[in-house]
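Reading the structure
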Amino acid sequence: LRLAMNFSWIPNAITIARMVMAMPLLWLLVNGHYPQAFWLAVVAGASDALDGVIAQRFGWRSVLGGVLDPIADKLLMSVCFLGLWWSWNLPTWLVAVVLTRDLVIVLGAFFWWRLIGTFTPAPTGISKMTTLLQIVLIALMLAHLAGMDFAQSWVPPLVLATAAMTVTSGGDYVVRYGLRAWRIHRSRQ
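Computed from a prediction, not measured in an experiment: that's the story for all the values here.

What counts and what doesn't
Residues numbered from 1 in each chain as written. Predicted model: local features only at pLDDT ≥ 70, side-chain atom pairs only at ≥ 80, totals over all residues. Heavy atoms only, no water. Helix = DSSP H or I, 4+ residues; strand = E, 2+ residues; numbered from the N terminus. Buried < 20%, exposed > 50% of the residue type's maximum accessible area, 1.4 Å probe, protein only. Contact = heavy atoms within 4.5 Å. Areas by Shrake-Rupley, 256 points an atom, 1.4 Å probe, with all protein chains shown as cover. Lys, Arg positive; Asp, Glu negative; His and termini not counted. Charge placed at Lys NZ, Arg CZ, Asp CG, Glu CD. Expected span 1.5 Å × (residues − 1). Salt bridge = Lys/Arg side-chain N within 4 Å of Asp/Glu carboxyl O. Axes fitted to C-alpha atoms, helices over the stretch in contact; angles between N-to-C directions. Parallel < 35°, antiparallel > 145°, perpendicular 65-115°, else oblique. Left-handed = near helix turned anticlockwise from the far one by under 90°. Nonpolar A, V, L, I, M, F, W, Y, C, P; charged D, E, K, R; others polar. Phe/Tyr/Trp six-rings, centres within 6.5 Å; stacked < 30°, edge-to-face > 60°. Lys NZ or Arg CZ within 6 Å of the ring centre and 35° of its normal.

**Quick notes on the overall build of the protein**
- Of the regular secondary structure elements, the protein holds seven helices and zero strands.
- Ordered by position from N to C terminus, the α and β elements of the protein give α-α-α-α-α-α-α.
- The dimensions of the protein, computed from C-alpha atoms along their principal axes, are 60 × 60 × 25 Å.
- Across the 189 residues of the protein, 33% fall into the buried class.
- The contacts in the protein between residues at least 6 apart in sequence include a share of 76% that link residues at least 24 apart.
- Carbon together with sulfur atoms contributes 72% to the accessible area of the protein, which is approximately 11500 Å² in total.
- Seen as two clouds, the 13 positive and the 7 negative side-chain charges of the protein have centres 15 Å apart.

What follows is the structure, given as structure tokens:
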């Protein structure tokens, strides 16, 4: 008799573990333990790749995973931005731009859901580039703070590029989904 074991919970468990890493990461950043914060961020990033590979390879994708994965990613990104800001390593204006964009997207999705119905986000190229720049900025800032001097010269131009792309992406979301909502509203009249 062969026992069939179901391991489809593994990607979601990895995602939840990534979410749990957010608070220790914030604590490490706020208290200036940058090498440890860098390596914890590396583990979190690797876990993001790992859960995706496992889910895809074994067909263990789930609705829960589809919801939890972007939440975990956004939680870790926000924690990094806040922790680096709190420790005076990122400018207030940049963190405000990043968090305002995220807040606008979340509020927009909420109002879409309340007024129109199911919200199915479709990340654009601009959005993906914004996320990539934010990740690279955080990674290089953490590497620099952890003592890896190669990263220092890249930080100032990345701050500006990240801010520009974040504003562009936020505007793109507002225009794209605002026009789509307006069309749907008009078609229902």
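So that's the structure; there's more coming.
**Overview of helix α4 (residues 63–86)**
- In this model, α4 (24 residues) spans 35 Å end to end at C-alpha, consistent with the 34 Å of a helix rising 1.5 Å per residue.
- Within the span of α4, buried status applies to Gly-65, Leu-68, Ala-72, Leu-76, Met-77, Ser-78, Val-79, Cys-80, Phe-81, Gly-83 and Leu-84.
- On the buried face of α4, the contacting elements are α1 (10–20), α2 (22–30), α3 (34–58), α5 (92–115) and α6 (125–145).
- Of the residues one or two after α4, Trp-88 is the one with positive phi, at around 65 degrees.

**A few points about α5**
- Here α5 contains 24 residues, and its C-alpha end-to-end distance of 34 Å stays within 8% of the 34 Å for a straight helix at 1.5 Å per residue.
- Residues of α5 that are buried include every one of Leu-94, Val-95, Val-98, Arg-101, Asp-102, Ala-109 and Trp-112, and no others.
- Elements in contact with the buried residues of α5: α4, α6 and α7 (155–187).
- Phi turns positive, to about 135 degrees, at Gly-117, one or two residues after α5.

**Focus: the pattern of salt bridges**
- All told, the structure shown has seven salt bridges when counted by the stated rule.
- A salt bridge links Arg-101 to Asp-102; the nearest nitrogen and oxygen atoms lie 3.2 Å apart.
- By relative accessible area, which is 7% here, Arg-101 ends up buried.
- Between Arg-176 and Asp-172 there is a salt bridge, and its shortest N-O distance comes to 3.1 Å. Placement of both Arg-176 and Asp-172 in helix α7 is noted, with a separation of four residues, approximately one turn of the helix.
- In this structure, a network of salt bridges that share partners links the residues Arg-18, Asp-48, Asp-51, Asp-69 and Asp-73.

**Looking at the packing of α4 against α6**
- The N-to-C vectors of α4 and α6 enclose an angle of 45 degrees; their axes lie 11 Å apart at closest approach. Comparing their axes, α6 and α4 come out oblique. Note that α4 runs across α6; the crossing there is left-handed. Contacts between α4 and α6 involve Lys-74, Met-77, Cys-80, Phe-81 and Leu-84 on the former and, on the latter, Thr-131, Gln-134, Ile-135, Leu-137, Ile-138, Met-141, Leu-142 and Leu-145.
- Among the residues forming the contact of α4 with α6, the class breakdown is ten nonpolar, two polar and one charged.

**Description of the packing of aromatic side chains**
- Evaluation of the coordinates by the stated rule reveals seven aromatic pairs.
- Between Phe-38 and Trp-39, the aromatic rings sit 4.9 Å apart at their centres with planes inclined by 80 degrees, giving edge-to-face as the arrangement.
- Ring centres of Tyr-173 and Tyr-177 lie 5.8 Å apart, and the angle between their planes is 10 degrees; this geometry places the pair in the stacked category. Note that Tyr-173 and Tyr-177 are positioned in helix α7 at a spacing of four residues, about one turn of the helix.
- The exposure class assigned to Tyr-173 is buried, which follows from its relative accessible area of 12%.
- A relative accessible area of 7% places Tyr-177 in the buried class.
- When the ring centre of Phe-58 is taken as reference, the NZ or CZ atom of Arg-57 above it lies at 5.1 Å.

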